[in-house]
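# Fold and contact review
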Amino acid sequence: MMKSMDFRTKLIVLSGTVFLSATISKNTVFCMLISFLLLYIAFQKEWKTAVRCSLLLSLVFVLRLYSKGNGLGILIPEMFLFIITRMTAVFMSALPIVKTQPGELRAIFKKLNVHRNFHLPLIFMLRFFPTVKYEFREIIESLRLRGICSWKKPLTAVEYLFVPMIFSASKTAEELAAAAEVRGISAEGDHSSRRLIQFKKSDWLISIITALFCAILYYWEQLPV
């Protein structure tokens, strides 16, 4: 479903989630929002992400229940737990957008007549972070094989980890920019795309369900306790 879902539908889900995360405060209403988002990413076959987010939110819920909403001192204050829950909800709604292929994004922005000064940096950013994640993982594995990554010396571990990461990220950015230039991303004229960008019936259905669900949750939030 994630491949067939239009990018504009994903934006509608993200916008609704950001709005509700900033306005709702009742735990019951927020749990309903999380349930909707878990179904949203589960239907797109992001099973691992759904399980990880469920475990993280369950842990935060247990900590908040144990501390009776007061947090666990200076190390884990209540505000920190509150931010984690909200950011997790936003992350789940933004995941399909982050995983959208750059070519599809380019075609969508061209169809929406979005200025290139806005959409080109966004496309590069969405393409850059997944690449850096794999580079980061390879550096950690390399340090483990050499036996020089130890938490007994945290400052040394950070130095061995982030210095190669900075050089690798710089090189990756240059390679991505060069690859985009070779493919004609900055060429003048109309750009064609093999991807069909169309707002289908399923997109209308998901968008309407999302809008109604957000309206219901917002109305529920306004009801007196």
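Here goes a summary of the coordinates provided.

Calculation notes
Residues numbered from 1 in each chain as written. Predicted model: local features only at pLDDT ≥ 70, side-chain atom pairs only at ≥ 80, totals over all residues. Heavy atoms only, no water. Helix = DSSP H or I, 4+ residues; strand = E, 2+ residues; numbered from the N terminus. Buried < 20%, exposed > 50% of the residue type's maximum accessible area, 1.4 Å probe, protein only. Contact = heavy atoms within 4.5 Å. Areas by Shrake-Rupley, 256 points an atom, 1.4 Å probe, with all protein chains shown as cover. Patch = residues over 30% accessible without salt bridge, like charges linked within 9 Å, V, L, I, M, F, W, Y side chains within 5 Å. Salt bridge = Lys/Arg side-chain N within 4 Å of Asp/Glu carboxyl O. Lys, Arg positive; Asp, Glu negative; His and termini not counted. Charge placed at Lys NZ, Arg CZ, Asp CG, Glu CD. Phe/Tyr/Trp six-rings, centres within 6.5 Å; stacked < 30°, edge-to-face > 60°. Axes fitted to C-alpha atoms, helices over the stretch in contact; angles between N-to-C directions. Parallel < 35°, antiparallel > 145°, perpendicular 65-115°, else oblique. Left-handed = near helix turned anticlockwise from the far one by under 90°. Nonpolar A, V, L, I, M, F, W, Y, C, P; charged D, E, K, R; others polar.

A separate point is the overall build of the protein. Looking only at helices and strands, one finds eight helices and zero strands in the protein. Taken from N to C terminus, the helices and strands of the protein fall in the order α-α-α-α-α-α-α-α. Within the protein, the proportion of its 225 residues that are buried is 35%. Relative to all contacts within the protein whose residues are 6 or more apart in sequence, the contacts with residues 24 or more apart total 78%. Total accessible area on the protein stands at roughly 15,200 Å², and carbon and sulfur atoms take up 67% of it.

This part takes up a positive patch on the surface. Taken together, the side chains of Lys 48, Arg 52, Lys 133 and Arg 137 present a region of like positive charge at the surface. Structurally, Lys 48 can be placed in helix H3 (residues 47-66).

In this section: the packing of aromatic side chains. Any aromatic ring pair is given by two values, namely how distant the centres are and how the planes are angled relative to each other. Per the stated rule, a full pass over the model turns up two aromatic pairs. Taken together, a centroid distance of 5.4 Å and an interplanar angle of 45° make the contact between Phe 19 and Tyr 218 tilted. A residue pair is termed long-range when its members are at least 10 positions apart, and Phe 19 in helix H1 (residues 7-23) and Tyr 218 in helix H8 (residues 201-222) qualify at 199 residues. Summarising the aromatic geometry, the rings of Phe 36 and Phe 213 are spaced 4.7 Å apart at their centres and angled 20° between planes, so their arrangement reads as stacked. Taken as a pair, Phe 36 in helix H2 (residues 27-42) and Phe 213 in helix H8 lie far apart in primary sequence, 177 residues in all. The pair formed by Phe 36 and Phe 213 is uniform in burial state, with each residue classed as buried.

Mapped onto the elements of the fold, Met 92 is located in helix H4 (residues 78-98). Owing to a relative accessible area of 0%, Met 92 belongs among the buried residues under this scheme. C-alpha of Met 92 to C-alpha of Tyr 40: the two residues are 52 residues apart in sequence and 8.4 Å apart in space. Apart from the residues within four sequence positions on either side, Met 92 is in contact with Ile 34, Leu 37, Leu 38, Tyr 40, Ile 41, Cys 53 and Leu 57.

Now for the packing of H1 against H2. Contact geometry for H1 and H2: axes closest at 12 Å, N-to-C directions at 160°. By the angle between their axes, H1 is roughly antiparallel relative to H2. Like other packed secondary-structure pairs, H1 and H2 cross with a definite hand, here left-handed. Judged by residue contacts, Lys 10, Val 13, Thr 17, Leu 20 and Ser 21 of H1 engage Leu 33, Leu 37 and Tyr 40 from H2. Residue composition of the contact of H1 with H2, by class: five nonpolar, two polar and one charged.

This paragraph deals with the pattern of salt bridges. In this structure the tally under the stated criterion is two salt bridges. As a salt-bridge pair, Arg 8 and Asp 6 come within 2.7 Å of each other at their nearest N and O atoms. Note on Asp 6: relative accessible area 4%, which makes it buried. Asp 203 serves as the salt-bridge partner of Lys 200, at 3.6 Å between the closest nitrogen and oxygen. A relative accessible area of 0% places Asp 203 in the buried class.

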